[in-house]
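Residue strings, one per chain:
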Amino acid sequence: MDIKLDPSRDDLPLMANTSHILVKHYVLDLDVDFESQIIEGTIVLFFESGNKFKKQSSSTEETYPSESNEACKFRTPEPCHIPVTNTRTVSSKMGYNDFVICGKGEKDTSGKDGNHDNQEQASGISSSKYCCDTGNHGSEDFLLVLDCCDLSVLKVEEVDVAAVPGIEKFTRSSKLRNQIVRELVALPADRWREQLDYYARCSQAPGCGELLFDIDTWSLQIRKTGAQTATDFPHAIRIRYTTKPQGRSVTWTSDQSGRPCVYTMGSPINNRALFPCQEPPVAMSTWQATVRAAASFVVLMSGENSAKPTQLREGCSSWHYYVTMPMPASTFTIAVGSWTEMKPEICSSNDLATGRSFSPFEADFRYVGVCGHMEYPCRFQNASATTQEIIPHRVFAPVCLKGACQETLLPLIPPCLFAAHSVLGTHPFSRLDVLIVPANFPSLGMASPHLVFLSQSTLTGMSQLCGTRLCHEIAHAWFGLAIGARDWTEEWLSEGFATHLEDVFWAKAQQLAPDEAQELQELRACLRWRRLQDEVRNSPEDMQVLRPNKEKTGHVSDSGSSVIKHGLNPEKVFMQVHYLKGYFLLRFLAKRLGDDTYFSFLRKFVHTFHGQLILSQDFLQMLLESIPEERRLELSVENIFRDWLETSGIPQPLQRERLAGAECGLARQVSAEVAKWVRVNRRPRKRKRKETEEVLEKVRHRWCELVVKHKYTKAYRNVERFLQEDQAMGIYLYGELMVSEDARQQQLARRCFELSREQMDRPAAEVVAEMLL
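The numbering scheme is per chain: residues are counted from 1 as the chain's sequence reads. Selection of residues for local features in this predicted model requires a pLDDT of at least 70, selection of side-chain atom pairs for listing and counting requires 80 or more, and totals for whole chains, interfaces and linings are taken over all residues. Derived side-chain values reflect all non-hydrogen atoms in the structure, with water molecules and hydrogen atoms excluded from consideration.

A.B. asks: How do you make sense of the overall build of the protein when you look at a structure like this?
C.D. replies: When helices and strands are tallied, the protein shows 22 helices and 25 strands. Exposure was quantified through the Shrake-Rupley algorithm and a 1.4 Å probe, taking into account, for residues, occlusion by the shown protein chains and nothing else. With the model as given, the accessible surface of the protein reaches about 33000 Å², and the carbon-plus-sulfur share is 50%. The helix and strand labels rest on DSSP assignments: H or I over at least four residues marks a helix, E over at least two residues marks a strand, and numbering proceeds from the N terminus.

Take a look at the structure:
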């Protein structure tokens, strides 16, 4: 497909001025209203400011130009009700006590809340506001910029943390609110429980002055009259807001049992349409959240605790989660629905023993080495946690999938967790929930702290698809979450590692003999090689580069804002180049070192960099330093950048390796088996319907591809069913139907799309709509 790239449409701006001020903790207090399809409530942000936030570069070439700094400046307080270009500055009059604990709240109406309709600017970035300096303007007030989209902001106010009883223990003068917050965010790790308690108390403190705010397509801008620096700006603020039904961070839909649900689907815009936040990965924060919903719903979230509902009043329950490990706000995930916990029919006492939870307050803190991250209650420093091979885990799904979960998924989790621990060591997170998400989920899986989403497609057929995908998502606990990319364009640091590790974990989970594991990995490499060739042939060269910013990777503007190249391109979500090229690079390096040496190094790397953000060179430099000079054979960071990360197409070292290598033994067996069945099928014979149905259940996707390829009209009903029930994989099938240029197949694609369009993930629907034009 010929894809035209448009920077104003395809690039994602990260607007937050993280070089001046950082969010250290979020407290969310939210109500979920399925009737209105909104989430409403408050979020309290606790900040830390100072010159410790040094930018990596002052380069602004990757950000949008500004005509002048005036575009970002607020006027004096009087014109609060006068429209400014495309936005309105607001000082709202709603009182803090107007919030109804479990009510439906106000409808999202325009003209009442001072928030313009973001859809008016949906065509792209056109304002000159996007990269102005938001630091000290001399006589101008300091401007806080948060990433925000598709939200109705009702009120912003400073929080009077000094009014909290007992808070004086954090400062000599209880009147200095910013000093109180500075002391609170700096508490040592062994006081994490006390810290969370005071965060919660402060979040309920009264307001002590409304703040002026301005909102546009991509950001929320806040200032306090007279606060001219980040140090003077309030260090605890409360924002009252509501989401919008069409907000791009959450999906409102129905599960496989027809019951309503809502969840974060890993949107290209991340969580900025769920709550105002600092999106750049450098803004590592902790959070705690209280979420209320009707008592029939279960709330799952990224949290260290296995939350249980608290009955508030008839028909309404409250759920509370927290995390003590600082992570980017983009990793926050929530899912609310009528989920049922799936438990094994027979519970092994062995599993219970190995699955015992070690939460931070139980840690004996016998340090097992020194960590390089900011201070938090780290499992790598907890001697008990380091030996925990299987962490506590739960499985949730719609009740109609109970049988499939018990048969396929539940038995796989313990061996996959055990395998991961045997390869990489300490599990970074203390527990794991796995949720089978609705049919419109756009991929096979998604990992976030303590919570993994899996597509229902992984439950069909044998355990291979479910096992490998589960291993992939478990691998993200180390690569993608505990160790994150400092520049989001380097997503191979997450997806390449997870793809490479899924094979290793799955082989160990199955307890395969070394030669059998090697054969299976060679077969999967062969299949991925073919996929990579197809991907390179059918995607724009500009989107095949793993390090597109090259020497400017990790650079931000003076304020900390930046741009993610192609971050909004709907095609990018379905591309596998970063998975596949990253996988082949790591496979190449592992072969060069030998598996034992490579995985020994990987454990050392994990111990060194967990809890931190990295760039490609951090990994490559440490790896090459572990290789004796005589074995490097022209390997260098510069050569790897040139050959693998900064060029489009197939990397030359990979081309040479595939040309020189013999065909995989298992691939030869498969080819011989296919040839045999081609000969057999030429003989006339009657086929039993039962046999056909059994085969279809095991290889539905491949079967549908063959149906389309050979125009087997009798099985078109199977294609229709697949496109509606397996949307995570169905997008590729739409492409096959349209490329065939067969009128009946194209009509089938259009009919299925019309039936599924309303339930589909938005980026997926955009891609399919483009195919059908």
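Next comes the rest of the write-up.
A.B. asks: Explain empty space enclosed by the protein to me, please; I cannot follow it from the model alone.
C.D. replies: Rolling a probe over the atoms, with the probe sized like a water molecule, indicates the empty space that remains. The pocket and cavity definitions rest on a 1 Å grid over protein atoms only: a 1.4 Å probe that fits but cannot leave marks a cavity, an open set with protein on both sides within 12 Å along at least five of seven lines marks a pocket, and residues lining either have an atom within 4 Å of a point. Grid points are joined across faces, edges and corners, and a volume is the space filled by probe spheres set on the points. On inspection of all chains with the given rule, the structure shows twelve cavities of 30 Å³ or more. If you add up the space inside the second largest cavity, you get close to 120 Å³. For the second largest cavity, the lining is made up of 16 residues, of which Ile 391, Phe 429, Leu 432, Ile 474 and Ala 477 are closest to its centre. Elements with a minimum of two residues in the lining of the second largest cavity: β21 (445-448) and α8 (463-475).

A.B. asks: What is the right way to look at the sheet that holds strand β18 (residues 340-342) in this model?
C.D. replies: Working definition: the strands of a sheet are paired by backbone hydrogen bonds and lie parallel or antiparallel to each other. Whether two strands pair comes down to DSSP finding at least two bridges between them. The mixed open sheet is built from five strands, whose spatial order is β18-β19-β20-β22-β21. Bordering the open sheet on either side are β18 and β21, each of which pairs with just one other strand. Neighbour-to-neighbour, the strand axes of the sheet open up by a mean angle of 25°, direction not taken into account. Bridging between strand β20 (residues 432-436) and strand β22 (residues 451-454) involves four bridges; their strand directions are parallel. Its bridge partner lying in β22, Val 434 is registered against Val 452. Structural elements are reduced to axes, namely lines fitted to C-alpha atoms, with helices fitted over the stretch in contact, and the angle between N-to-C directions of any two is expressed from 0 to 180 degrees.

A.B. asks: What should I look at first to understand the environment of Leu 143 in this one?
C.D. replies: Secondary-structure assignment places Leu 143 in the loop between β4 (89-90) and β5 (144-147). For the pair Leu 143 and Phe 213, spaced 70 residues apart in sequence, the C-alpha separation works out to 9.4 Å.

A.B. asks: When you look at the packing of aromatic side chains in this model, what are you seeing that I'm missing?
C.D. replies: The geometry of two aromatic rings is summed up by the distance between their centres and the angle between their planes. The rule is short: rings of Phe, Tyr and Trp, with Trp giving its six-membered ring, pair when the centres are within 6.5 Å, and they are stacked under 30 degrees, edge-to-face over 60, tilted in between. Counted by the stated rule, this structure contains 26 aromatic pairs. Measuring from ring centre to ring centre gives 5.4 Å for Phe 34 and Trp 252, while their planes differ by 85°; the resulting arrangement is edge-to-face. Remark: Trp 252 occurs in strand β11 (residues 250-254) and Phe 34 occurs in the loop between β2 (21-33) and β3 (38-49); sequence separation between them is 218 residues. The buried label goes to any residue with under 20% of its type's maximum accessible area, the exposed label to any with over 50%, and the partly exposed label to all in between, with areas taken from a 1.4 Å probe on protein chains only. On the accessibility criterion, Phe 34 (17% relative accessible area) is buried.

A.B. asks: Help me understand the packing of helix α9 (residues 492-509) against helix α11 (residues 577-593), please; the structure alone is not making it clear to me.
C.D. replies: How two helices sit against one another is set out by the angle between their axes and by the gap between those axes. With their axes 7 Å apart at the nearest point, α9 and α11 run at an angle of 60° to one another. Crossing of α9 over α11 shows right-handed handedness. The segment α9 lies against α11, with Trp 492, Glu 495, Gly 496, Phe 497, Thr 499, His 500 and Asp 503 engaging His 578, Tyr 579, Gly 582, Tyr 583, Leu 585, Leu 586, Arg 587 and Ala 590. Along the lines of polarity and charge, the residues of the contact of α9 with α11 split into seven nonpolar, five polar and three charged. Here a crossing is called left-handed whenever its near helix is offset anticlockwise from the far helix by less than a right angle, and right-handed whenever the offset is clockwise. Whether two residues are in contact is decided by their heavy atoms, any of which lying within 4.5 Å being enough. Only Asp, Glu, Lys and Arg are considered charged, only Ala, Val, Leu, Ile, Met, Phe, Trp, Tyr, Cys and Pro nonpolar, and every remaining residue, Gly among them, polar.

A.B. asks: What is the right way to look at the nonpolar core in this model?
C.D. replies: One recurring pattern in soluble globular proteins: nonpolar side chains tend to sit buried together. Here, nonpolar core means buried Ala, Val, Leu, Ile, Met, Phe, Trp, Tyr and Cys residues that are tied together by side-chain atoms lying within 4.5 Å of each other. In terms of nonpolar packing, the biggest core is built from 154 residues, with Ile 222, Ile 239 and Phe 619 touching the most fellow members. At ten residues, α11 tops the list of elements feeding residues into this core. Within the second largest apolar cluster, 29 residues are counted, among which are Val 719, Tyr 734, Met 738 and Val 767.

A.B. asks: Hey, could you run me through the sheet that holds β3 in this one?
C.D. replies: Strand order in the open sheet made by the eight strands is β7-β6-β10-β3-β2-β13-β16-β15, with mixed pairing throughout. Single-partner strands in this sheet number two, and they are β7 (207-210) and β15 (310-313). Ignoring which end each strand starts from, the neighbouring axes of this sheet average 25° apart. Bridge count between strand β6 (residues 151-159) and β7: two bridges; the pairing is antiparallel. If you follow Val 159 over to β7, its bridge partner there is Gly 207. Packing against the sheet, helix α2 (residues 177-185) makes contact with β2, β3, β6, β7 and β10 (236-243), and its axis sits at approximately 90° to β3.

A.B. asks: It is not clear to me how the pattern of salt bridges should be interpreted in this structure. Could you clarify?
C.D. replies: Pairing between side chains of opposite charge can happen when their charged atoms approach one another. Definition used for salt bridges: Asp or Glu carboxyl oxygen within 4 Å of a side-chain nitrogen of Lys or Arg. Inspection of every chain in the model, using the stated rule, returns 31 salt bridges. Between Asp 534 and Arg 537 there is a salt bridge, with its nearest N and O atoms 2.3 Å apart. Here the residue Asp 534 and the residue Arg 537 both occupy positions in helix α10 (residues 514-537), the gap between them amounting to three residues, near one helical turn. Given a relative accessible area of 58%, Arg 537 falls into the exposed group. A salt bridge links Arg 757 to Glu 754; its shortest N-O distance comes to 3.7 Å. On the basis of relative accessibility, which here comes to 38%, the residue Arg 757 falls in the partly exposed class. Classification of Glu 754 by relative accessible area gives exposed; the value is 52%. Several salt bridges converge on common partners, so that one network encompasses Glu 158, Asp 160, Arg 177 and Lys 224.

A.B. asks: Teacher, can you tell me more about the side chain of Asp 150 here?
C.D. replies: For Asp 150, the position within the fold is in the loop between β5 and β6. A polar contact is formed between the side chain of Asp 150 and the side chain of Arg 248, at a distance of 2.9 Å. Two N or O atoms form a polar contact when they lie within 3.5 Å of each other; inside protein one atom must be a possible hydrogen donor and the other a possible acceptor, and for residues adjacent in sequence the pair counts only when both atoms belong to side chains.

A.B. asks: What am I meant to see in helix α6 (residues 402-409) here?
C.D. replies: Since the α-helix turns once every 3.6 residues, residues separated by three or four places project in the same direction. When we look at burial in α6, the residues that qualify are Cys 405, Gln 406, Thr 408 and Leu 409. Check the buried side of α6 and you find it contacts β18, β19 (393-397), α7 (413-424), β20, β22 and α8.

A.B. asks: Help me understand the environment of Leu 568 in this model?
C.D. replies: Residue placement: Leu 568 occurs in the loop between β24 (562-564) and α11. The class for Leu 568 is buried, based on a relative accessible area of 19%. Expressed as a C-alpha distance, the spacing of Leu 568 and Ser 267, which sit 301 residues apart in the sequence, is 9.3 Å. Residues contacting Leu 568, with those up to four places away along its chain left out, are Arg 9, Asp 10, Asp 11, Leu 12, Trp 218, Pro 268 and Ile 269.

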